[in-house]
Amino acid sequence: MELKEYFEDTAGSGIMATADSDGKVDAAIYARPHVMDDGTIALIMRDRLTHLNLQSNPHACYMYIEKGPGYRGKRFFLTKIREEEDSELLHSMRRRQYIDEKDESKFLVFFKIDKELPLVGAGK
């Protein structure tokens, strides 16, 4: 299954882990990533700790836990390659709109996938 189809067809929850330049870690719940035509993935972020950490340390890990029994899913080791602030592309990719949403900047952050592993185990 292609990665784009995987995220479109597989229900689950995502967790993004980052660390700042001093190695202090953070983990946060994130929606499914957008898979771009060039194989990169993109996530929409607010200007919170995860986004701040990526300014000083471009490396991150995104874990997707599939809904259902057992421990199924994927882990992606990522490197940030670029970002856009409040771009047209970002607004066209949003999956949901919140009525009480504040008027704050949002960022579309693009990552290359350095490594993909199953949720559990070392993979092949």
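For the structure, see preceding data.
Student: How do you make sense of the overall build of the protein when you look at a structure like this?
Tutor: Along the backbone of the protein there are 3 helices and 7 strands. Mapped in sequence order, the helices and strands of the protein form the string α-β-β-β-β-α-β-β-α-β. Counting only residues that meet the buried cut, the protein has 40% of its 124 residues in that class. A sequence separation of at least 24 residues applies to 68% of the contacts in the protein between residues at least 6 apart. Carbon and sulfur atoms form 51% of the exposed surface of the protein, whose accessible area is close to 7800 Å².

Student: How should I be thinking about the pattern of salt bridges in this particular structure?
Tutor: Pairing is possible between side chains that carry opposite charge, provided their charged atoms lie close to one another. Here the structure, examined in full by the defined rule, presents 8 salt bridges. Note that Glu84 is salt-bridged to Arg82, the shortest N-O span being 2.9 Å. Taking the shortest distance from any N to any O, the salt bridge between Lys112 and Asp114 comes out at 3.3 Å.

Student: Which parts of the structure should I look at to understand the packing of aromatic side chains?
Tutor: Within a pair of aromatic rings, the relevant descriptors are the distance that separates the centres and the angle that separates the planes. Scanning the entire structure with this criterion turns up 5 aromatic pairs. Residues Tyr6 and Tyr64 carry aromatic rings whose centres are separated by 5.8 Å and whose planes lie at 75 degrees to one another, so their mutual orientation is edge-to-face. Remark: Tyr64 occurs in strand E5 (residues 59-66) and Tyr6 occurs in helix H1 (residues 3-9); sequence separation between them is 58 residues. Side by side, Tyr6 and Tyr64 carry an identical accessibility label, which is buried. Note on Phe7 and Phe76: the rings are 5.8 Å apart at their centroids and 45 degrees apart in plane angle, and the pair reads as tilted. Here Phe76 lies in strand E6 (residues 73-85) and Phe7 lies in helix H1, a separation of 69 residues in the sequence. The exposure class assigned to Phe7 is buried, which follows from its relative accessible area of 2%. An aromatic cluster is built from Tyr6, Phe7, Tyr62, Tyr64 and Phe76, whose rings are joined through pairwise contacts. Here the basic side chain of Lys74 rests over the ring of Tyr6, its NZ or CZ set 4.9 Å away from the ring centre. The residue whose ring lies beneath Arg82 is Phe110, and the NZ or CZ to ring-centre distance is 3.8 Å.

Student: Help me understand the side chain of Glu66, please; the structure alone is not making it clear to me.
Tutor: Assignment of secondary structure puts Glu66 in strand E5. With a relative accessible area of 14%, Glu66 lands in the buried category. In this structure the side chain of Glu66 is engaged in a polar contact, spanning 2.8 Å, whose partner is the side chain of Tyr6. If we skip the residues at most four places from it in the chain, Glu66 touches Tyr6, Thr10, Ala11, Gly12, Arg72 and Gly73.

Student: What's the story with the environment of Asp38 in this structure? I'm lost.
Tutor: Its place among the elements puts Asp38 in the loop between strand E3 (34-35) and strand E4 (41-46). In this structure, the C-alpha to C-alpha distance between Asp38 and Glu116, residues 78 residues apart in sequence, is 16 Å. Polar side-chain contacts of Asp38 include one of 2.6 Å to the side chain of Thr40.

Thresholds applied
- Residues numbered from 1 in each chain as written.
- Predicted model: local features only at pLDDT ≥ 70, side-chain atom pairs only at ≥ 80, totals over all residues.
- Heavy atoms only, no water.
- Helix = DSSP H or I, 4+ residues; strand = E, 2+ residues; numbered from the N terminus.
- Buried < 20%, exposed > 50% of the residue type's maximum accessible area, 1.4 Å probe, protein only.
- Contact = heavy atoms within 4.5 Å.
- Areas by Shrake-Rupley, 256 points an atom, 1.4 Å probe, with all protein chains shown as cover.
- Salt bridge = Lys/Arg side-chain N within 4 Å of Asp/Glu carboxyl O.
- Phe/Tyr/Trp six-rings, centres within 6.5 Å; stacked < 30°, edge-to-face > 60°.
- Lys NZ or Arg CZ within 6 Å of the ring centre and 35° of its normal.
- Polar contact = N/O pair within 3.5 Å; in protein donor to acceptor, adjacent residues only side chain to side chain.

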